[in-house]
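Residues per chain are reported as follows:
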Amino acid sequence: MCCNAQPLFFLRETMAKKQKYYVVWQGNQPGIYDNWNDCEKQIKGVAGAKYKSYESRTMAEQAFRIGPEMAASVIEKQTKGESILITDAEGMTVVRPDAQGPKPILDAIAVDAACSGNPGVMEYQGVYVASRTQLFHFKAPVGTNNIGEFLAIVHGLAYLKKNNMNQILYSDSVNAINWVRAKQCRTKLPLTPDTQKLYEIIHRAEAWLHNNHYSTQILKWDTDRWGEIPADFGRK
């Protein structure tokens, strides 16, 4: 070991303090502050004050722009490095400037499903990636996540074909993508009186795949690299 090496605890003590930026949404004077003292003056004694610190001014500016509720669900993921997508001043989805490697196509639609229990209450939705505008949504009293992912893709394909749109379609489910390519929902969910209506919808989706030609490119959303798919319900 080098004779002038310092113990780790000493290095931690002498390390420079990292700059933080403080967003005040509700206080004496809402805004962005680069030190705690100025931030505290805006919130001290203010009932219901809303504020939070961020590690970069870019994050703070975005958080201030979109508000505390959306910041809690969007900015937090970015802070943890879970998403390369951010929202610009016009509210549109953009790729974070410092993102490395392959990037998602924003002029696309994304689909995802959620299930409360498996089986349980199932729903899926499709959104336009560039604006995160919801294009369609469906909910069933009983189903599985895989069924929802399958139906979401088929719904997306039908939506694009009906509206003569040529965007690509993103899904984060390998199983559902394979089921769509096989034109068959390979679920093991039992057919019961409770699932009969859902099975009717599944059969209609399978029939659509057999009876319609489509040129839409179905791509796997790279969750590990890009974070959660924009159509995610945020319940993980």
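Check the entry above for the structure.
Residues numbered from 1 in each chain as written. Predicted model: local features only at pLDDT ≥ 70, side-chain atom pairs only at ≥ 80, totals over all residues. Heavy atoms only, no water.

Focus on the side chain of Q167
Here Q167 lies in the loop between α5 (145–162) and β9 (168–171). In this structure the side chain of Q167 is engaged in a polar contact, spanning 3.1 Å, whose partner is the side chain of D107. Not counting residues within four places of it along the chain, the set of residues in contact with Q167 comprises D107, A108, I109, Y128, L160 and T216. (Helix = DSSP H or I, 4+ residues; strand = E, 2+ residues; numbered from the N terminus. Polar contact = N/O pair within 3.5 Å; in protein donor to acceptor, adjacent residues only side chain to side chain. Contact = heavy atoms within 4.5 Å.)

Quick notes on the sheet that holds strand β1 (residues 21–26)
Ordered by their spatial adjacency, three strands build an open sheet running β2-β1-β3, and the pairing between neighbours is antiparallel. Every interior strand has two partners, whereas the edge strands, β2 (31–33) and β3 (50–54), have only one. Each adjacent strand pair in this sheet contributes to an overall mean axis angle of 20°, direction not counted. As paired elements, β1 and β2 share three bridges and run antiparallel to each other. For Y22, the partnering residue across the bridge sits in β2 and is Y33. On the sheet, helix α2 (residues 36–43) packs against β1, β2 and β3 and is oriented at approximately 10° with respect to β1. Of the strands in this sheet, β1, β2 and β3 touch helix α3 (residues 57–66), which is tilted by about 5° from β1. (Pairing = 2+ DSSP bridges. Axes fitted to C-alpha atoms, helices over the stretch in contact; angles between N-to-C directions.)

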